[in-house]
Amino acid sequence: MRIPPGARVYLTTAISLAAVALATWFGMQAGSARPGRGWWALGAVLASVTAAGVPAYEQTRKERLRARAHMNDALDPIVRQLGRVATAAKHDRAPLAEATIPMVLDSAAHLAGIGRVRACLFRFAPGTPMMLVPAQYSGRVDDPLEAITEGTAEGDLVFGMIRHNQHLFYPDLDASPPQGWRITAPQTYKSFAAVPVAAGQNAFGMLMVDSLDVDGIRRTDVPLIRLLGGLAAVALS
């Protein structure tokens with residue numbers, strides 16, 4: 001049975017008050033009754049834990065619901081936009097698809113990570129050697145990232161990640177950076193994750209999300225970043 005939100009508040013309050021009353025009563029019994037005093041004390045502890053735990057659980061539940069609502073609010077416009085791309089006339093698809101990318105980057109910058117976060121789409125540049133060039137940004141206003149070239153330490157890491165449909169995740173670049181990874185001044189980001197922007201066998205680039213904080217990008221953010229990278233790839237397909 002689904003409990004209405006208003007009734008849930010009253011129920012949580014009632015349980016908490018009842019638990020406080022029980023804790024007080026058990027405490028009085030433990031203090032006045034010698035036989036079985038340990039059981040009264042245990043009852044007081046359990047009632048106290050219930051009094052504290054029920055509101056905490058309710059608060060956690062509300063925070064999860066809010067986070068889920070924020071994610072739905074961010075992803076729903078992207079999905080609707082992709083629907084417009086799919087149903088548009090051929091000559092209208094390209095501008096609609098390009099309009100999807102800022103929506104994806106904005107969602108990545110505001111849903112993933114903590115602190116001052118930036119999301120950047122790297123696109124392949126023509127010519128040889130292969131290069132990934134920063135194309136669009138959202139989130140933190142900062143100096144542009146540099147291009148990544150195949151054949152360098154960074155390039156081998158990134159292009160290998162894209163070819164094998166993997167991801168990069170480094171929560172503390174001061175303690176354990178990727179081998180050969182360069183953070184050129186004035187760049188100061190401390191953590192990042194990067195995922196392919198690819199659909200099937202077709203790769204379009206890389207989505208990188210970074211933060212100025214150590215652990216600003218968390219492992220739990222990676223699935224969301226991969227999802228957004230996939231949505232960007234659908235738009236560019």
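The present account deals with the structure reproduced in this document. It should be emphasised that the depicted structure is a prediction, and the values quoted were computed from it without experimental measurement. (Residues numbered from 1 in each chain as written. Predicted model: local features only at pLDDT ≥ 70, side-chain atom pairs only at ≥ 80, totals over all residues. Heavy atoms only, no water.)

## A short note on the overall build of the chain
For the chain, the count of helices and strands is 5 helices and 6 strands. For the chain, the N- to C-terminal ordering of α and β elements is α-α-α-β-β-β-α-β-β-β-α. Counting across all 237 residues of the chain, residues that qualify as buried make up 36%. Intrachain contacts of the chain at a sequence separation of at least 6 include 56% that bridge at least 24 residues. Roughly 13500 Å² of accessible area belongs to the chain as shown, and the carbon and sulfur atoms make up 61% of that amount. (Helix = DSSP H or I, 4+ residues; strand = E, 2+ residues; numbered from the N terminus. Buried < 20%, exposed > 50% of the residue type's maximum accessible area, 1.4 Å probe, protein only. Contact = heavy atoms within 4.5 Å. Areas by Shrake-Rupley, 256 points an atom, 1.4 Å probe, with all protein chains shown as cover.)

## What about the layout of surface pockets?
A volume near 180 Å³ is recorded for the largest pocket. Taken together, 17 residues line the largest pocket, and the ones lying closest to its centre are Leu 145, Glu 146, Arg 182, Thr 184 and Gln 187. Across the lining of the largest pocket, the residue classes tally to 11 nonpolar, 2 polar and 4 charged. (1 Å grid on protein atoms, 1.4 Å probe; cavity = no way out; pocket = protein on both sides within 12 Å on 5 of 7 lines; lining within 4 Å. Points joined across faces, edges and corners; volume = space filled by probe spheres on them. Nonpolar A, V, L, I, M, F, W, Y, C, P; charged D, E, K, R; others polar.)

## Points about the nonpolar core
Counting residues in each nonpolar core, the largest one holds 29 residues, and the members touching the most others are Val 197, Leu 207, Val 209, Ile 225 and Leu 228. Of the residues forming this core, the biggest block, 9 residues, is contributed by helix H5 (residues 222-236). Not counting the four nearest positions on each side in its chain, Leu 228 is found in contact with Leu 75, Ile 78, Val 104, Ser 107, Ala 108 and Leu 207. Core analysis: the next-biggest nonpolar cluster, separate from the first, contains 18 residues, Phe 122, Leu 145, Ile 162 and Leu 173 among them. (Core = buried A, V, L, I, M, F, W, Y, C linked by side-chain atoms within 4.5 Å.)

## As for the environment of Glu 154
Its location among the elements puts Glu 154 in helix H4 (residues 153-163). With a relative accessible area of 7%, Glu 154 lands in the buried category. For Glu 154 and Pro 178, which are 24 residues apart along the polypeptide, the C-alpha to C-alpha distance reads 8.2 Å. Among residues more than four places away in sequence, those in contact with Glu 154 are Ile 148, Gly 180, Trp 181 and Arg 182.

## Focus: the pattern of salt bridges
Counted by the stated rule, this structure contains 9 salt bridges. In this structure, the salt-bridge partner of Arg 118 is Asp 210, at a minimum N-O distance of 3.0 Å. Here Asp 210 lies in strand S6 (residues 202-211) and Arg 118 lies in strand S1 (residues 117-125), a separation of 92 residues in the sequence. Accessibility assignment for this pair places Arg 118 and Asp 210 in one class, buried. Arg 182 is paired through a salt bridge with Glu 146; the nearest N and O atoms lie 3.4 Å apart. Here Glu 146 lies in the loop between strand S2 (131-139) and strand S3 (148-149) and Arg 182 lies in the loop between strand S4 (168-170) and strand S5 (191-199), a separation of 36 residues in the sequence. Among the residues examined, Glu 146 registers a relative accessible area of 43% and is labelled partly exposed. What you see here is one network of salt bridges that share partners, running through Arg 118, Arg 140, Asp 142 and Asp 210. (Salt bridge = Lys/Arg side-chain N within 4 Å of Asp/Glu carboxyl O.)

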